[in-house]
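Fold and geometry: a report
This is what each chain is made of:
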Amino acid sequence: MSAPVPAGPVAAVPAAGKPSSVPAAAAAGPVAASSVPIDAPASADPGVGEYQFGFSYPDKSVFRTRKGLDEEVVRAISELKEEPDWMLANRLRALAAFGKKPMPAWGADLSDIDFDEIVYYARPQDRPKGSWDELPEEIRETYRRIGVPEAERKFLAGVGAQYDSEIVYHSIRADLEKKGVIFCSPEVAVKEHPDLVRKYFGTVIPHNDNKFAALNTAVWSGGSFVYVPKGVKVDIPLQAYFRINSESFGQFERTLIIADEGSFVHYIEGCTAPVYATDSLHSAVVEIIALPGSRVRYSTIQNWSSDVYNLVTKRAVAYAGATMEWVDGNIGSKRTMKYPAVFLMGEGAHGEVLSIAFAGKGQEQDTGAKIIHAASNTSSTVTSKSISKDGGVASYRGMVKVGEGLRGIRSRVVCDALIVDPRSTSNTWPTMEVLSDDVAMEHEARVSKIGDEQLFYLQSRGLGEAEASAMIVNGFLDPLVKQLPMEYAVELNRLIELEMEGSVG
Amino acid sequence: MDLVIRNLRASVAGKPILRGIDLEIRAGSVAALMGPNGSGKSTLANVLMGHPAYAVESGSATLGGVDVLGLPPHERALLGLFLAFQYPVEIPGVTVAKFLKRAVEAREEASARAAGREYGGMDVSAYLRELRAAMDFMGVDRSFINRALNEGFSGGEKKRMEVLQMLMLKPRLALMDETDSGLDIDALKVVAAGANRLRGPDFGALVITHYNRILEHLKPDVVHVMYKGRIVVSGGPELVERLEGEGYDWVREEAAAAPAEIEALAAEASA
């Protein structure tokens, strides 16, 4: 449906005068030619690519592994990234875990996922003019209607626009670099900051944590690496628009954020730009280490297209006096399973999860939060708002766990669900495991339906049914949306209005 | 705009409530609608506005010659019909300012379209000026601009908010469903003043009430009495005094004096 699968550019390869398997072998280097995992590199072939294409457009090469996943594919990815052995070993260890781990026996229905049909790595080529037209009409129409600025359109349509986002990023980076802040891709981090990466990578979410975390660890590509030095407050948010580029295909991005003692950072991902992916599986891993006294806020608004399985593992550890906040908006995807977690490891740590889910036609949003109180005098707040409509299923699945022998634990969980029509479903599955006595824990769950009286009231003032419905939904979300930065709040409201449009009643 | 109702019959959940309403409200006039509890007054207001719970069985209702019964509620509103609700609902998270802006905008746009004019968009600062002035007039604190619509409002605040909306939307015909109920005398005066402010050749109203006190402030041109789903007595303001003094017994007797109607009712009930 969008950039990642380079069907066009791949098809163009034979025009360069060589069958695709030959340069593939050349590019793969050490990989045996008889079992080439790389489908079709366009310009990495030294005979053609470097000379005719590679030189002028070195970043516009196209690689794509063949369908399915095995050791050769993993090795090829690692090879392409010129990784050190320890990262390759890590990938292979995770691949083995992926093979052994069962599918989750709970949550959204994942039975349609065919791991053999998935392409696990694609390095998209630049899509020059005309590429926007290759997108399905509904996507074009969506962009037109939500008025995404031209720059963002470019960004989503091809590689060039991705450079647009890097220009923004670089203009910030100069400023941040002076303070010692590191903000780069994890690939760059592996090369330039190996000590930090080796120290923290996979420590919050082990390679065998769950099937999808194992998968990500085996084939990860792209994402972000952030390090904020001691005492540094990054006062403007770091923004990582979902990058569908050669560093981060988007499906298996890997993010590692380390906030050193007393620092602050707000990292925003996805956000205003709806993300559309051709492939059907997105499985990210986000690890956050909030060292003592630091504060990290991580905001996401995911708006995947409706054929994407979005199975993401996000987890943070918060040490003494640190605060970790997840703001997690789930609007798109076919199935989402995502439960941002905070492990409160030191006294005075605070964890917070704000979660917004919208489940429309054919969608299942299985989202929530996981809070582990592993130290005394720690506190947590979980606020979840979900909307289900047109047969959608929105489920809150949450866990609050308090370890043994702890004192002064406070936790509050509030789940609000709005059901727009009788065809739609809302579920709440809260779990609490409390092994200490000195614990103040609250849980509230409310389910409401858009009442005929509310709709009629707004209609009687001249608003059509769809607009009235959207207004009620936006009002329901308002308390959470207020916590987002203004531009994202506006965008979220627009997305909700789009979701509500034309399908009521 | 004249509101003309002819032989209107409506039911809720299969139960007939309106049993043949004939009623005309002339443009620029204010009619009071009184009657015992359960006689169908609120039903009439809701049926006219298009509440989905009520089914129109037969009859017609036209506003300025347009049959409104076939229109969705918002189109009735855009024609100039307004219902001040007896129990306004709360809309969490939707501010008064945001909601009213859209409502006013929709109304302006519809008016422009009806007049064959191009709608150039809303003058937001003029809107806000007008809103503040209307709030001052209605004794609604300006802080309510940013409060969620009706959420946590007292009964009196909700009623003032209804009339405030009416002032902003400038309907051609307002249905005021017991807007006076539960108000203290000061609030009652303000609510009546709001309606009086709109009074003029382009504004008509049907004021549903149990009490004469609002009618002392909001002098009706005519008074209709409803009983068991029909208008049984109509007259001038003097009717209000008689109802106040004698109650509804004589109305019941008068209705009972029409045996043919009773038979019809009985037949309907057994049908």
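Now for a quick tour of the structure. Here the structure is a predicted model, which means the values were calculated and not measured.

Description of the packing of aromatic side chains
- Inspection of every chain in the model, using the stated rule, returns 12 aromatic pairs over all chains.
- For the ring pair Tyr 120 of chain A and Phe 252 of chain A, a centre distance of 5.7 Å and an interplane angle of 20° mean the geometry is stacked. Taken together, the residues span a long stretch of sequence, with Tyr 120 of chain A in the loop between α5 (85-100) and β2 (122-123) and Phe 252 of chain A in the loop between β5 (238-240) and β6 (254-259) at a distance of 132 residues.
- Phe 252 of chain A sits in the buried class, given a relative accessible area of 1%.
- For the cation-ring pair, Lys 211 of chain A lies above Phe 115 of chain A, with the distance from its terminal atom to the ring centre recorded as 5.8 Å.
- A cation sits over an aromatic face here: Arg 213 of chain B above Tyr 211 of chain B, 6.0 Å from the ring centre.

Some points on the sheet that holds strand β10 (residues 230-235) of chain B
Residues and elements named next belong to chain B.
- With mixed pairing, six strands are arranged side by side in an open sheet as β6-β7-β8-β3-β9-β10. Taken across any chain shown, the strands that pair with only one partner, and hence form the sheet edges, are β6 (81-84) and β10. Adjacent strand axes in the sheet meet at a mean angle of 20°, parallel and antiparallel pairs treated alike.
- Packed onto the sheet, helix α5 (residues 155-169) meets β6 and β7 (173-177) and runs at close to 165° relative to β6.

Here's the deal with the side chain of Glu 105 of chain B
All names here are of chain B.
- With respect to the secondary-structure elements, Glu 105 resides in helix α3 (residues 96-114).
- For Glu 105, a relative accessible area of 16% corresponds to the buried category.
- Each residue touching Glu 105, except ones within four places of it in the same chain, is listed here: Tyr 119 and Met 122.

With respect to the environment of Gly 391 of chain A
Residues and elements named next belong to chain A.
- Within the fold, Gly 391 resides in the loop between β17 (379-388) and β18 (393-402).
- Considered as a pair, Gly 391 and Ser 424 are 33 residues apart in the sequence and their alpha carbons are 4.0 Å apart.
- Those residues within four positions of Gly 391 in sequence are excluded, and the remaining contacts are Gly 360, Asp 421, Arg 423 and Ser 424.

Observations concerning the sheet that holds strand β1 (residues 3-12) of chain B
Residues and elements named next belong to chain B.
- The strand order across the open sheet built from four strands is β2-β1-β4-β5, with neighbouring strands paired in antiparallel fashion. If you trace the sheet from one side to the other, it starts and ends with β2 (15-25) and β5 (66-67), each paired once.
- Direction of pairing for β1 relative to β2: antiparallel, over a ladder of eight bridges. Each residue of the ladder has a partner; that of Val 12, found in β2, is Lys 15.
- Against the sheet, helix α1 (residues 41-49) makes contact with β1, β2 and β4 (54-63), and its axis sits at roughly 105° relative to β1, the strand it touches most.

The rules behind each value
Think of each chain on its own: its residues are numbered from 1, step by step along the sequence as written. Written order decides the labels, with chains lettered from A and ligands numbered from 1. Given that this is a predicted model, residues contribute local features only at a pLDDT of at least 70 and side-chain atom pairs are listed and counted only at 80 or more, while totals for whole chains, interfaces and linings are drawn from all residues. Values reported for side chains reflect all heavy atoms of the structure, with hydrogen atoms and water molecules removed beforehand. Centre distance within 6.5 Å is the pairing criterion for rings of Phe, Tyr and Trp, where only the six-membered ring of Trp is used; planes under 30 degrees apart are then read as stacked, over 60 as edge-to-face, and the remainder as tilted. Strands are runs of DSSP state E lasting at least 2 residues, helices are runs of H or I lasting at least 4, and numbering of each runs from the N terminus. Per-residue accessibility, obtained with a 1.4 Å probe over protein chains only, is compared with the maximum for each type, and a residue is labelled buried under 20%, exposed over 50%, and partly exposed between these values. By the criterion adopted, a ring carries a charge over it if an Arg CZ or a Lys NZ lies within 6 Å of its centre and within 35 degrees of its normal. Only strands joined by at least two bridges in the DSSP assignment are considered to pair. Orientation is described by lines fitted to C-alpha atoms, with helices fitted over the stretch in contact, and by angles between N-to-C directions that extend from 0 to 180 degrees. The criterion used for residue contact is that any of the two residues' heavy atoms lie within 4.5 Å.

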